[in-house]
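Breakdown of the fold
Below, each chain spelled out in residue letters.
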Amino acid sequence: MDISGDKTGKASAFWKPHHVARVQKDWRRRISDNLAYGLLVYTGLQIFVTLKQLKEVSNSMLPYLALVVLVAAIIPAARLLERHWDRLDDAGAYDPIHAARFNRDRIIIWAVAIGLPFALAGIARAMAMMAE
């Protein structure tokens with residue numbers, strides 16, 4: 001029996017020895033996950049927030065074309081942001097030195113994913129008010 005009192009030698013869920021290190025996820029995978037979820041949120045907000053405002057401005061197919069362009073335009077920007085993380089080797093992918101840059105990039109991802117659709121909706125609303 002080991003010091004945790006478990007006959008299997010595994011630490012229980014309530015007691016973990018100090019020498020068991022928390023497994024850090026690969027930075028490459030973490031940024032990729034954030035980008036994927038951010039793109040889903042961005043696209044959903046574009047559909048439900050911006051498209052509503054664009055429809056008020058024009059009853060043509062223009063709002064739908066604008067939606068496709070806005071969603072397609074964000075993908076190269078996301079790829080550019082991810083480029084640094086793709087270049088990391090396996091050792092660098094787990095290095096804690098990248099934590100600050102990861103946090104900065106994650107803030108950028110979520111600020112754009114949430115903020116840009118609302119900003120574009122505001123611009124569309126302002127355009128509609130000016131047209132009246």
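1. Brief notes about the nonpolar core
W27, I31, L35, A78, L81, W85, L88, F102 and I109 together form the largest nonpolar core, which totals nine residues. Broken down by secondary-structure element, the contributors of at least two residues to this core are α1 (27–57), α2 (62–86) and α3 (99–131).

2. Brief notes about the packing of aromatic side chains
One pass over the full model with this rule turns up three aromatic pairs. Residues W27 and W85 carry aromatic rings whose centres are separated by 6.3 Å and whose planes lie at 45° to one another, so their mutual orientation is tilted. Here W85 lies in helix α2 and W27 lies in helix α1, a separation of 58 residues in the sequence. Judged by its relative accessible area of 4%, W27 falls in the buried class. Between W27 and F102, the ring centres sit 5.1 Å apart and the planes meet at 45°, which makes this aromatic pair tilted. Note that W27 is positioned in helix α1 and F102 in helix α3, a separation of 75 residues in sequence. The residues W27 and F102 share a single accessibility class, namely buried. Every member of this aromatic cluster is reached through a ring pair, and the members are W27, W85 and F102.

3. Topic: the confidence of the model for the protein
Residue-level pLDDT values for the protein average 81, and 80% of them are 70 or greater. Mean pLDDT across the elements of the protein ranges from a minimum in α2, with 86, to a maximum in α3, with 89. With pLDDT under 50 throughout, residues 1–5 is counted as low confidence; its partners more than four residues away or in other chains account for seven contacts.

4. Some thoughts on the pattern of salt bridges
Tallied over the entire structure, the rule returns eight salt bridges. Between D33 and K25 there is a salt bridge; the shortest N-O distance is 3.6 Å. Judged by relative accessible area, which is 23%, D33 ranks as partly exposed. For D33, the salt bridge goes to R29, with nearest N and O atoms at 3.8 Å. Of this pair, D33 and R29 both sit in helix α1, four residues apart, which is roughly one turn of that helix. The exposure class assigned to R29 is exposed, which follows from its relative accessible area of 53%. It is possible to trace a salt-bridge network through shared partners that takes in K25, R29 and D33.

5. Some thoughts on α2
Residues three or four positions apart in an α-helix share a direction because the helix packs 3.6 residues into each turn. In a regular helix each residue adds 1.5 Å, so 25 residues correspond to 36 Å; α2 covers 36 Å between its end C-alpha atoms and thus fits that length. Those residues of α2 that sit buried are P63, L67, I74, A78, L81, E82 and W85.

6. Remarks on a nonpolar patch on the surface
A surface patch of nonpolar side chains, about 250 Å² in accessible area, is lined by V41, I114 and F118. On the secondary structure map, I114 appears in helix α3.

7. Comments concerning the side chain of D26
By the element assignment, D26 lies in the segment before α1. D26 gets classed as buried once you look at its relative accessible area, which sits at 14%. If near-sequence neighbours (up to four positions away) are discounted, D26 is found in contact with A93 and Y94.

Reading the values: rules and limits
Residues numbered from 1 in each chain as written. Predicted model: local features only at pLDDT ≥ 70, side-chain atom pairs only at ≥ 80, totals over all residues. Heavy atoms only, no water. Core = buried A, V, L, I, M, F, W, Y, C linked by side-chain atoms within 4.5 Å. Buried < 20%, exposed > 50% of the residue type's maximum accessible area, 1.4 Å probe, protein only. Helix = DSSP H or I, 4+ residues; strand = E, 2+ residues; numbered from the N terminus. Phe/Tyr/Trp six-rings, centres within 6.5 Å; stacked < 30°, edge-to-face > 60°. pLDDT = per-residue confidence, 0-100. Contact = heavy atoms within 4.5 Å. Salt bridge = Lys/Arg side-chain N within 4 Å of Asp/Glu carboxyl O. Expected span 1.5 Å × (residues − 1). Patch = residues over 30% accessible without salt bridge, like charges linked within 9 Å, V, L, I, M, F, W, Y side chains within 5 Å. Areas by Shrake-Rupley, 256 points an atom, 1.4 Å probe, with all protein chains shown as cover.

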